Structure formats: C-alpha cells, structure tokens
Amino acid sequence: MKIISAKKMSNSVSFKTKLLGLFILISALPLVLAIGLNAMNMISYAQQNMEKDSDLRNRIVQEKITQLYEKNLDVLRVLAATPITKYYLTSATDKRDVALERLIINANSILRDKNNLIITDTNGQQLFRSDGLPPVNVLQRAYFWEALSGKETISEVVVSLATGRFISVIEVPVLDDSGKSIGLVQRDYDLSELQEFVHSLATEQNYVLILDKSGKMIAHSARRMEKEEDRTDESNYDFILRALAGESGHINTKFEGEDSLVCYSRNAITGWAVVTIQPDKYIQDKIYGRALIACSFGILMLALISMAAYMLTDKITQPLVTLSKAVLEIANTNSNRNAANLQKVTGDELQQMAVAFDAIQATHHDLRKAAEMDKLTQLYNKGSTESICRDCLKHMAEGTMSALYIIDLDHFKEANDTYGHHQGDLILQEFAKKLKGVFRANDCVGRFGGDEFVVFIENIPNNEVILRKAQQILESAKTLAVKEKNAGITASIGIAIAPQNGRDYDTLFNYADKSLYTVKNAGRNGYCCDQVTVVR
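*Asks:* Explain helix 14 (residues 505–521) here, please?
*Replies:* Along an α-helix, residues three or four positions apart point the same way, because every turn accommodates 3.6 residues. Compared with an ideal rise of 1.5 Å per residue, which puts 17 residues at 24 Å, helix 14 spans 24 Å between its outermost C-alpha atoms and is within 8% of the ideal. Those residues of helix 14 that fall on the buried side of the exposure criterion are Tyr505, Leu508, Phe509, Ala512, Ser515, Leu516, Val519 and Lys520. For helix 14, the angular spread of buried residues about the axis comes to 145°, placing them on one side. Helix 14 presents Lys514 and Asn521 as exposed residues on the side facing more than 90 degrees away from its buried surface. Sitting at the head of helix 14, aspartate 504 places a side-chain oxygen 3.3 Å from the backbone nitrogen of aspartate 506. Positioned one or two residues after helix 14, glycine 523 has a phi angle of 125°, which is positive.

*Asks:* Could you clarify how one ought to interpret the pairing of strand 11 (residues 402–410) in this entry?
*Replies:* The two faces of a sheet get side chains in turn, since along a regular strand they alternate between them. Counting buried residues along strand 11, nine of its nine residues qualify, which places the element largely inside the surrounding structure. Relative to strand 16 (residues 490–498), strand 11 is paired through nine bridges, and the arrangement is antiparallel. Looking at the pairing, alanine 403 lines up with isoleucine 497 of strand 16. Examined bridge by bridge, strand 11 and strand 13 (residues 452–457) share six bridges and lie antiparallel to one another. The residue of strand 13 that forms the bridge with alanine 403 is isoleucine 457.

*Asks:* Even after reading the chapter, I still don't get the nonpolar core, so can you show me in this structure?
*Replies:* Counting residues in each nonpolar core, the largest one holds 38 residues, and the members touching the most others are Tyr69, Leu79, Ile210 and Trp272. Considering each element in turn, this core owes the most residues, nine residues, to helix 1 (residues 11–81). Ranked by size, the runner-up nonpolar core spans 37 residues in total, among them Ile427, Ile495, Ile497 and Tyr527.

*Asks:* Please clarify how a nonpolar patch on the surface should be interpreted in this entry.
*Replies:* On the surface, a nonpolar cluster with roughly 300 Å² of combined accessible area is contributed by Leu300, Leu304 and Met307. With respect to the secondary-structure elements, methionine 307 resides in helix 7 (residues 280–333). Given the relative accessible area of 52%, methionine 307 is considered exposed.

*Asks:* What is the right way to read the sheet that holds strand 8 (residues 248–255) from this model?
*Replies:* Across a sheet, paired strands are connected by hydrogen bonds in the backbone, their directions being either parallel or antiparallel. Pairing in this open sheet of five strands is antiparallel, and the strands run 7-6-10-9-8 from one edge to the other. The strands lining the two open edges of the sheet, one partner per strand, are strand 7 (217–220) and strand 8. The sheet shows a mean angle of 25° between the axes of neighbouring strands, direction not considered. Pairing geometry for strand 6 (residues 207–211) and strand 7, over three bridges, is antiparallel. Residue pairing in the sheet places leucine 209 in a bridge with histidine 220 of strand 7.

*Asks:* How do you make sense of the state of the cysteines when you look at a structure like this?
*Replies:* A covalent bond bridging the sulfur atoms of two cysteines is what the word disulfide describes. Summed over all chains, the structure comprises zero disulfides. Not engaged in a disulfide, the cysteine cysteine 528 finds its nearest cysteine sulfur in cysteine 529; these two sulfurs lie 7.4 Å apart.

*Asks:* Help me out: how do you make sense of unusual backbone geometry in this one?
*Replies:* Most peptide bonds are trans, and most residues other than glycine sit at a negative phi. A cis amide bond, omega 10°, links alanine 498 with the succeeding residue proline 499. You can see proline 499 is positioned in the loop between strand 16 and helix 14. Despite not being glycine, glutamine 378 shows a phi value in the positive range, around 60°. In this structure, glutamine 378 sits in the loop between helix 9 (349–372) and helix 10 (382–394). Since its relative accessible area comes to 42%, glutamine 378 is described here as partly exposed. The phi dihedral of lysine 483 falls on the positive side, at around 55°, and the residue is not glycine. Take lysine 483: it is sitting in the loop between strand 14 (481–482) and strand 15 (485–486).

*Asks:* Is there a simple way to think about helix 13 (residues 463–478) in this case?
*Replies:* For helix 13, built from 16 residues, the straight-helix expectation of 22 Å at 1.5 Å per residue is met to within 8% by its first-to-last C-alpha distance of 23 Å. For helix 13, the complete set of buried residues consists of Val465, Ile466, Lys469, Ala470, Ile473, Leu474, Ser476 and Ala477. Packed against the buried residues of helix 13 are strand 11, helix 12 (421–438), strand 16 and strand 17 (526–529). For helix 13, the side-chain oxygen to backbone nitrogen distance between the N-cap and glutamate 464 is 3.1 Å, and the N-cap itself is asparagine 462.

Calculation rules
- Residues numbered from 1 in each chain as written.
- Predicted model: local features only at pLDDT ≥ 70, side-chain atom pairs only at ≥ 80, totals over all residues.
- Heavy atoms only, no water.
- Helix = DSSP H or I, 4+ residues; strand = E, 2+ residues; numbered from the N terminus.
- Expected span 1.5 Å × (residues − 1).
- Buried < 20%, exposed > 50% of the residue type's maximum accessible area, 1.4 Å probe, protein only.
- Arc of directions from axis to C-beta.
- Polar contact = N/O pair within 3.5 Å; in protein donor to acceptor, adjacent residues only side chain to side chain.
- Pairing = 2+ DSSP bridges.
- Core = buried A, V, L, I, M, F, W, Y, C linked by side-chain atoms within 4.5 Å.
- Patch = residues over 30% accessible without salt bridge, like charges linked within 9 Å, V, L, I, M, F, W, Y side chains within 5 Å.
- Areas by Shrake-Rupley, 256 points an atom, 1.4 Å probe, with all protein chains shown as cover.
- Salt bridge = Lys/Arg side-chain N within 4 Å of Asp/Glu carboxyl O.
- Axes fitted to C-alpha atoms, helices over the stretch in contact; angles between N-to-C directions.
- Disulfide = S-S within 2.5 Å.
- Contact = heavy atoms within 4.5 Å.

Bear in mind that shape data such as this cannot, by itself, settle questions of function.
Shown next as structure tokens:
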C-alpha cells in the first residue's frame, strides 16, 4: 500500500494565495471599469444637471412674467369693457372724470404697484394718466396702431415719452357696441420690477437674461439696467435667438469669451426669451470634485474588496483542506468508510443558494410588477395608486399643495359598444399615453378600471397650474385619435386640493368624486375644482 504524506499537501497554501489574488483581481476589474466609465460620463452628467438647473430657473422666470402680464391684462380687459371708460372716450365730463379716477384707483389697488394707467383716444392723444404727468401723444408708436386695430398688445422695450424710463406697454382696445375701437386702455409697465426679480436670481454660476423678440435685453441678473446702452450694443444677444429658433432648447456657445451652456425658452404671452447661461468652468469644477470623490471611493472599495476576498478565500479553502484530508485518509486506509462525510463536504451549497436566490428575486420582481401595474395601459393600478397617494399625503410638507384628479371618459361605453372591445382597448391605451404626457414623470398616474383614471400631483405652486393641467386633460381627450380617426370622446374631471379640501386620501377622493358627478350632471366635458365647475 502506498502511503501519501500530508507534507505533499503543503501546496494548498500557495493555492490559497493564488485564489486570493484571483478574487482581488476579478473583484477589482468591475470597480476599475466603473470608475473609468464614470470618468468618461462625468461631463455628460454634469451638463445634464446644469441643464436641469437652467430649466428650473427658466421656469421660475417664465412663471413670474406670465403672472405679471396675465394680471395686468385681466385688469385692463375689465377697464376696457366698463361703461364708464367707454362713455369717457365718447362724451367726457368733469363728473365722469371723477368716476373714472375712482375706477382707476380701484384698479391700481388690485394690481398693487405704482405703474401708470392711461386712457388714449383714437388719435393717439392720452386723455387721462393715473400718475398725474402731462399727457403725451403716442401716435408714432407701433404698438398704438396694433392695439387700435383691435388686438391686445404687449410692446417691446421702449422709453416712456413722459418719464424717460424703460417700460413695456400693455394695451387693450376699447370697443363700442359695433366692435369698433374707440380708444385704448394702456398700462406702462416699469421694467425695473422685473429687473429686480431677475437680479435676485444672480449667482456666480448663472446668468439669467430676458430678451425681447429682436434680441434686445430687457433684464440681466448680473447687471443693473440704468442706461440705454445697457440694453443694446454688447448686450445684444440675438445670436441666441438665431441659434435656437424653436420655443426652447440648449446650445453650447461662447458667452463673454467663455465656453458656456445656454438654456432658452420663449414666453407664450409676451414672446420674450428667457435665457440662462452657465460657463463651462463650473462644469469642470464639478468634474474635478467628482473625480476626487470617485478616486477616494475606489481606494476605499479596493481595501474592502481585499478584506472580503481574504475572508471568502479562507472560507472556500477550508472545506478544500477538509476534503483533502478525507481523500488522503481514504487513500491511505484503502477504505470508503468516510464516503458519506465526503459527500457532505463536497456539496456546492453556495452555488445552490445563489441559484435559488436569483430565482426568488426574479419571481418577486415579476409578481411585484404585475401587482402594481395595469396590464392594458401600463399605468399604476388601483391598489398601487391608492398606496402611493396615501404615502405622499402622509409625508406632505407644511405649506405645500397637492391635487387629486378623478377622470372619467365620456361616451366611452357608446364607442366600446359601437366599435368593439378591441377599439375600446386602443382608446384607453392612447388616452393613457396622452395622460402621462400631460404630467411630470414623478407624478402618480393610474387607472382604477374601466374608463376611470386617477392622477395625484405634489408640490404645486398655485391653483393656476391645477386648472391648466385640467384643461390639458380635456384637450387630450377631445383630440384623441385611434388609427388616425377621432375617437369621439371627452372627459369629465373632479378635482380635490390638499390641504384645503382634506389631508387624507379618503377625504380627498370623496371630494373629487362628488366634483366629478357635479361635472357629469352639468353636461360633461369639463372639470370642477373648489365648487367651481367649468363645462365646455
């Protein structure tokens, strides 16, 4: 019988060392690859983050411009439609001057600023000024003729003939019973307020500009607009408007000698462009910072990987040593009495556990996805929608607003009965796509079943956003087409707002449900919010 010495097994130590080195190498390769890919993508990620920051600043300024001019236009429209204004333009008397002054004072109290309100006749002569300065004739102004033709007008930047200040003139025509212009109601909006707002957004890393349609600067976050040359000459950025011919976008270009990222969007009311500019040097600073963090993280992870590899190697080689001793004993004794123990030692439990875990994880993922999503529309189903809403309301911060929409498709049953269930399924799928397009990616959009949909949105700045979304939903339903043919449906929407209509899901849902039935009883194709019903 040949005796095998245990000394010949001393090579197991070198095998352990080699295995340790192999584990470290295999574990470190993905880390090195990840750090390399991260370094390659840092510029792209940093630019995407800066684009998001620029888009946010743009939206803030756009909301400010929209709010300012919508408020002014609403007041001017009321003034233009008031009999006192019309009578003053056709048959003015001292007594009616007093009535008009009282009307103007009330309008200024609503607007809460010191901007001038003016009544102008069809000859361009200002008949009344709320600031008390001598009236001037604006017959040569282009905006006068545009407004006199019957259009509401918002001018580009002009210098006031009376005050010499930079203003944007808002004009609304006053029409007689036949629809003919008999004069204008005008508001000289002093741009210094808008300039101060934009200037408050100034940082080292961002410039925010507002340009009129010709590229002339209206406001600049890093400068004070005190002289005419501040808005012309070197401040003419119409190259941005030429490079970005659409409604919004991003470009990389030179700004004041530096490579910069330019974000652009145009205001729907004024046509002005809001531009946010960020020099690339700040992107590079972020890249250097991320590179330092990545390298530090890589060193730490390499140390942890080495420790883990050592522990794993010891765990793997220990059963091998036991196996070797068992095999050596069998060989030396020429016996199979340890065969049962050998079977137990060589069982690949780790591999079996890994396979079982992967199978469990894959099954869990599939079951969770099936449980959360509506199979037909790929929206959240009823259960997951309720869960998300309850969780969001539970963690809703003080001072914020949220809204719950219940949407019911009108005439869906008729379309389903007329064209068949397949056509009905296509209508639901197309409407789901449009509904997701109306809301943000992080908003909860779900289907409760049939033709009923529920949407929940958080962190809403004001009620105008809620109503604007409702109008977009109505338009999406009305214009919905399947196979290039209009589906012939509309939508009825009930809206509940947190916290004023409730702070928990059940209360909000019941409120929105009652609002939905209010819309249906009023004729459908509309929405109801805070007991105000709008039906088309």
